[in-house]
Amino acid sequence: MPELQDKYRVEFVGDVAILRMNNGENRFSSPTITAINKALDEIEKSDAKALITIGSGRFYSNGIDLKWMSQQTADEALKFALVPLVNRVLTFPMPTIAAINGHCYAGGAIFALAHDYRVMRTRQGWFCLPEIHLKLTFSSFKHVIKCKIPQGRVFTDMAVFGKRYTAEQVKATGVVDDITEMAGLMDLALHMAKQCLGKSGYDRETLKILKTDLYEDAVKETSVGNQQLFNIAKL
């Protein structure tokens, strides 16, 4: 576990915490989610006022580790805690920015959607919710998707039919707030964090309550007691 934790490293730039995910395709399994939660614990215990998450190489996150999941018993699969992790990020008590450095698929895209803002690198990577192509549904994330993806044609193409988007295309939908080349991605995310924080930042308790209230349906759906992720039996 210590070796895995090293792949989910926290660093600080002033009052902004950066969670760097450096674990290949950054797929989600119970061990990787535990490592991410430990990193988030460290950030919450710090004096940070904003959070940026970023992947490495060609991947932000390619979603659930399906190979790992296929090797779990039914009871172990039901303990898989991606749903509570999304809930935690959705209501995190500081501004959150996903710096999407590459491919952002399925559960990885949902993880990114749980952030307050998203920026993405150009010339590398797709943003996609491909569940229809995997014969999966969004049983635990319907309201996260509904509150983060604009209704209408964008919602139909992205959430229902699993269209994949380049950085330029997904920015045009409004799902990603800004784009840049990789060399400027972290600077763009830091600039966005500073803009959001202003001079004094935000009270953590108030911000968490506000997010919980405004995303009420999504929060209820992703509460700790509701861990029925997709159609696990179909994996």
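Residues numbered from 1 in each chain as written. Predicted model: local features only at pLDDT ≥ 70, side-chain atom pairs only at ≥ 80, totals over all residues. Heavy atoms only, no water.

Quick look at the overall build of the protein
Okay, step 1: Per the secondary structure count, the protein includes twelve helices and ten strands.
Okay, step 2: Over its C-alpha atoms the protein spans a radius of gyration of 17 Å, differing by no more than 12% from the 18 Å that the globule rule assigns to 235 residues.
Okay, step 3: Considering only C-alpha atoms, the protein reaches an extent of 50 × 40 × 35 Å along its principal axes.
Okay, step 4: A total of 235 residues make up the protein; the buried ones form 52% of that total.
Okay, step 5: At a minimum sequence separation of 6, the contacts of the protein that also span at least 24 residues come to 75%.
Okay, step 6: Looking at the protein as shown, the accessible area adds up to about 10,900 Å², and 52% of this sits on carbon and sulfur atoms.
Okay, step 7: Taking the average place of the 29 positive charges on the side chains of the protein and the average place of its 26 negative ones, the gap between the two points comes to 4 Å. (Helix = DSSP H or I, 4+ residues; strand = E, 2+ residues; numbered from the N terminus. Rg over C-alpha atoms; globule rule 2.2 N^0.38 Å. Buried < 20%, exposed > 50% of the residue type's maximum accessible area, 1.4 Å probe, protein only. Contact = heavy atoms within 4.5 Å. Areas by Shrake-Rupley, 256 points an atom, 1.4 Å probe, with all protein chains shown as cover. Lys, Arg positive; Asp, Glu negative; His and termini not counted. Charge placed at Lys NZ, Arg CZ, Asp CG, Glu CD.)

Notes on the sheet that holds strand E6 (residues 103–105)
Okay, step 1: Spatial ordering of the open sheet is given by E4-E6-E8-E9, a layout of four strands whose pairing is mixed. Looking at strand neighbours, the two that pair on one side only are strand E4 (59–61) and strand E9 (164–165), the edges of this open sheet.
Okay, step 2: Bridging between E4 and E6 involves two bridges; their strand directions are parallel. Looking at the pairing, Phe 59 lines up with His 103 of E6. (Pairing = 2+ DSSP bridges.)

A look at the pairing of strand E3 (residues 50–54)
Okay, step 1: Extensive coverage of E3 is indicated by the burial of five of its five residues.
Okay, step 2: The two faces of E3 match: Ala 50, Ile 52 and Ile 54 on one face and Leu 51 and Thr 53 on the other face are all buried.
Okay, step 3: Two strands pair when backbone bridges link them, and strand E2 (residues 16–21) and E3 are joined in this way by five bridges, in the parallel orientation. In the strand pairing of E3, Arg 20 is matched with Ile 54.
Okay, step 4: The parallel pair E2 and E3 is bridged by helix H2 (residues 30–45), and the resulting crossover is right-handed.
Okay, step 5: Where E3 and strand E5 (residues 96–100) come together, four bridges link them in parallel fashion. What sits directly across from Ile 54, in E5, is Ala 99. (Right-handed = clockwise from strand over helix to strand, strands pointing away.)

Considering the packing of H2 against helix H5 (residues 82–90)
Okay, step 1: Packing of H2 against H5 leaves a shortest axis separation of 11 Å and a crossing angle of 25°. The angle between the axes of H2 and H5 places the two elements in the roughly parallel class. Handedness of the H2/H5 crossing: left-handed. Contact residues: Ile 33, Ile 36, Asn 37, Leu 40, Asp 41 and Glu 44 in H2; Leu 82, Leu 85, Arg 88 and Val 89 in H5.
Okay, step 2: Of the residues that constitute the contact of H2 with H5, the class distribution is six nonpolar, one polar and three charged. (Axes fitted to C-alpha atoms, helices over the stretch in contact; angles between N-to-C directions. Parallel < 35°, antiparallel > 145°, perpendicular 65-115°, else oblique. Left-handed = near helix turned anticlockwise from the far one by under 90°. Nonpolar A, V, L, I, M, F, W, Y, C, P; charged D, E, K, R; others polar.)

Section: the confidence of the model for the protein
Where the model shows low pLDDT, its predicted coordinates should not be examined in detail.
Okay, step 1: Residues of the protein with pLDDT of at least 70 account for 94%, and the chain-wide mean is 93.
Okay, step 2: Contacts for the low-pLDDT stretch residues 230–235, under 50 throughout, to residues beyond four places or in other chains number 16 contacts. (pLDDT = per-residue confidence, 0-100.)

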